[in-house]
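# Tertiary structure, described
Chain by chain, the residues run as shown.
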Amino acid sequence: SGLSQEAGSVEQLSLHCAEGSLEWLYPTGALRLRLAPRLPPTSAAVKGGSPPHVTACIKPTGTFRGAQLYLEREGVLELLLPEAPRPRARCFSWLPQEKVALFLQATPHPDISRRIAAFRYELRGDWLARPALPAATLSAEGACRPCNDTEILMAICTSDFVIRGSIRSVSNDAELQESIIGVSATRIHRQKFPLFQAGGRAGRPVGSIRTPLRCGVKPGPGTFLFTGWLHFGEAWLSCAPRYRDFQRIYEGARRTRQNPCEFPVD
């Protein structure tokens with residue numbers, strides 16, 4: 001709470017968790033948040049190297065008021081969230097040797113009405129192969145281009161969810177710059193959290209998967225294999241080949257013993 005801070009003071013904090021949230025009541029002065037996640041070892045670290053970069057994503061609550069959030073990189077400030085921002089995620093990356101922090105600065109107000117500067121964050125090292133995230137700082141081409149065969153085979157082994165199903169609907173949110181794909185699942189191969197639950201026709205599990213609006217997703221017939229990541233509690237699309245194409249790719253890799261993991265194909 002800013003009520004326990006002196007005016008003009010800067011409180012120093014460290015964010016060690018890989019994900020979490022921060023809530024600042026009655027913002028006064030500033031908070032400097034050092035980004036120091038305790039990250040699991042990556043393939044690069046195991047081989048004696050260091051991860052190529054660390055990525056953080058920040059998503060403000062819809063009631064974010066009373067402060068502005070800056071990225072402090074090597075002593076230079078860059079505005080990430082103005083006061084009363086859109087509830088969209090902002091992502092940025094840095095090299096392990098770079099010094100970065102978040103600088104949350106209270107904005108002056110004539111009254112002492114209740115304001116809360118709150119946001120959720122995710123910190124990850126060596127970010128997973130193809131993060132389809134709604135962030136201008138990450139490659140639009142990388143988020144929207146079709147996966148190649150190698151990426152599809154890795155996606156079925158490492159994704160947070162692998163769902164076989166069809167597209168029920170596609171809706172667009174122009175404000176958040178997101179497309180929401182309504183999916184009816186015929187088989188749930190994996191889901192780390194209950195993203196898809198019974199409720200569709202014939203008792204089939206249904207759920208939604210998000211992708212950047214700029215990717216121009218359109219509804220289409222057929223069965224797909226949807227894979228992707230959990231991002232702030234929502235499913236985000238990575239690879240989504242047609243199921244018959246995936247069968248061909250997987251069977252070819254299995255014959256040459258190049259499949260990275262076993263996967264049930266029928």
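Residues numbered from 1 in each chain as written. Predicted model: local features only at pLDDT ≥ 70, side-chain atom pairs only at ≥ 80, totals over all residues. Heavy atoms only, no water.

### Examining helix 3 (residues 149-158)
Note the threshold: We call a residue buried when its accessible area falls under 20% of the maximum for its residue type, exposed when it is over 50%, and partly exposed in between, using a 1.4 Å probe and counting protein chains only. Counting from the N terminus, the helices are the DSSP runs of H or I reaching at least four residues and the strands are the DSSP runs of E reaching at least two. Contact between two residues is taken to exist if any of their heavy atoms lie within 4.5 Å; hydrogens are not considered. Identification of polar contacts relies on pairs of N or O atoms within 3.5 Å, with a donor-acceptor requirement for protein atoms, meaning one able to donate a hydrogen and the other able to accept it, and with residues adjacent in sequence counted only if both atoms are side-chain atoms.
When we look at burial in helix 3, the residues that qualify are Glu151, Ile152, Leu153, Ala155 and Ile156. Its buried side turned inward, helix 3 meets strand 10 (161-173), strand 11 (178-191), strand 14 (224-231) and helix 4 (243-255). Capping the start of helix 3 is the job of one residue whose side-chain oxygen sits 3.2 Å from the backbone nitrogen of threonine 150: asparagine 148.

### Focus on the packing of aromatic side chains
Basically, it comes down to this: The aromatic pairing rule takes the rings of Phe, Tyr and Trp, using the six-membered ring of Trp, and pairs them if the centres are within 6.5 Å, calling planes under 30 degrees apart stacked, those over 60 edge-to-face and the rest tilted.
Enumeration over the complete set of coordinates arrives at six aromatic pairs. Geometrically, the ring pair formed by tyrosine 243 and phenylalanine 246 is tilted, given 5.9 Å between the ring centres and 40 degrees between the ring planes. Taken as a pair, tyrosine 243 and phenylalanine 246 lie in helix 4 at a separation of three residues, close to a single helical turn. Comparing tyrosine 243 with phenylalanine 246, the two get one shared label, buried. Look at phenylalanine 246 and phenylalanine 263: their rings are 5.2 Å apart centre to centre, the planes differ by 85 degrees, and that puts the pair in the edge-to-face class. With a gap of 17 residues between them, phenylalanine 246 in helix 4 and phenylalanine 263 in the segment after helix 4 connect regions that are remote in the sequence.

### Here's the deal with the environment of phenylalanine 103
Locating phenylalanine 103 in the fold gives a position in strand 8 (residues 100-106). Residue classification places phenylalanine 103 among the buried residues on the basis of a relative accessible area of 16%. Residues phenylalanine 103 and tyrosine 70, 33 residues apart in the sequence, show an inter-C-alpha distance of 5.0 Å. Those residues in contact with phenylalanine 103 that sit more than four places away from it in its chain are Val10, Ala30, Leu31, Arg32, Gln68, Leu69, Tyr70, Glu72 and Leu77.

### Remarks on the nonpolar core
The nonpolar side chains of a soluble globular protein tend to be buried, and buried together. Quick reminder of the rule: Among the buried residues, those of types Ala, Val, Leu, Ile, Met, Phe, Trp, Tyr and Cys that are joined through side-chain atoms within 4.5 Å form a nonpolar core.
With 25 residues, the main nonpolar core has Phe92, Leu102, Leu104 and Phe119 as its most contacted residues. Residue assignment for this core shows that the elements contributing at least two residues are strand 2 (19-25), strand 3 (30-35), strand 4 (54-60), strand 5 (67-73), strand 6 (76-81), strand 7 (90-94), strand 8 and strand 9 (116-125). Grouped together as the second largest cluster of nonpolar side chains are 14 residues, Ala155, Tyr243, Ala253 and Phe263 included.

### Things to note about the confidence of the model for the chain
For clarity, the threshold we go by: pLDDT is a residue-level measure of predictor confidence that goes from 0 to 100.
With 86% of its residues at a pLDDT of 70 or more, the chain shows a mean pLDDT of 83. When pLDDT is averaged over each helix and strand of the chain, the minimum, 42, is found for helix 1 (residues 43-46) and the maximum, 94, for helix 4.

### Focus: the layout of surface pockets
Threshold: With a 1 Å grid spanning the protein atoms alone, the term cavity applies to any set of points in which a 1.4 Å probe fits but cannot get out, the term pocket to an open set with protein on both sides within 12 Å along at least five of seven lines, and the term lining residue to any residue with an atom within 4 Å of a point. Grid points are joined across faces, edges and corners, and a volume is the space filled by probe spheres set on the points. When residue character is reported, Ala, Val, Leu, Ile, Met, Phe, Trp, Tyr, Cys and Pro are called nonpolar, Asp, Glu, Lys and Arg charged, and the others, Gly included, polar. Domain start and end points were adopted from an automatic or database domain assignment.
By volume, the second largest pocket amounts to about 290 Å³. In this structure, the second largest pocket is lined by 18 residues; those nearest its centre are Glu19, Glu122, Arg124, Asp160 and Leu230. Secondary-structure elements contributing two or more residues to the lining of the second largest pocket are strand 2, strand 9 and strand 14. With five residues, strand 9 is the single largest residue contributor to the lining of the second largest pocket. Among the residues forming the lining of the second largest pocket, the class breakdown is eight nonpolar, four polar and six charged. Counting the residues that make up the lining of the second largest pocket, at least three belong to each of domain 1 (10-125) and domain 2 (149-256).

### Brief notes about the sheet that holds strand 8
This is how it is decided: Strand pairing follows a simple DSSP-based rule, namely that at least 2 bridges must link the two strands. Angular values range over 0 to 180 degrees, each being the angle between N-to-C directions of two axes fitted as lines to C-alpha atoms, with helices fitted over their stretch in contact.
Taken in spatial order, the five strands make up an open sheet running 1-3-8-5-6, and their pairing is mixed. The open sheet is flanked by strand 1 (10-15) and strand 6, the only strands paired with a single partner. Between one strand axis and the next, the sheet turns through 25 degrees on average, direction left out of account. Bridge count for strand 1 against strand 3 is six bridges, and the pairing is parallel. Looking at strand 3, one finds that glutamine 12 is bridged to arginine 32.

### Quick notes on the side chain of glutamate 178
Examined against the element boundaries, glutamate 178 turns out to sit in strand 11. A distance of 2.7 Å separates the side chain of glutamate 178 from the side chain of arginine 210, its partner in a polar contact.

### Things to note about unusual backbone geometry
Even without being glycine, tyrosine 26 reaches a positive phi, approximately 45 degrees. A residue is classified by how much of its surface remains accessible, and tyrosine 26, at 23% relative accessible area, is partly exposed. Positive phi, normally seen in glycine, also occurs at alanine 84, with a value near 55 degrees. Of note, alanine 84 is situated in the loop between strand 6 and strand 7.

### Thoughts on the state of the cysteines
Put plainly, two cysteines are in a disulfide when a covalent bond ties their sulfur atoms together. This is how it is decided: Criterion for a disulfide: a pair of cysteine sulfur atoms at a distance within 2.5 Å.
One pass over the structure, following the stated rule, counts three disulfides. Between cysteine 57 and cysteine 91 runs a disulfide, and the two sulfur atoms are separated by 2.0 Å. Between cysteine 57 and cysteine 91, the disulfide has an S-S torsion of 105 degrees and is therefore right-handed. Here the residue cysteine 57 occupies a position in strand 4, and cysteine 91 occupies one in strand 7, the gap between them amounting to 34 residues. Classification of cysteine 57 as buried rests on a relative accessible area of 0%.

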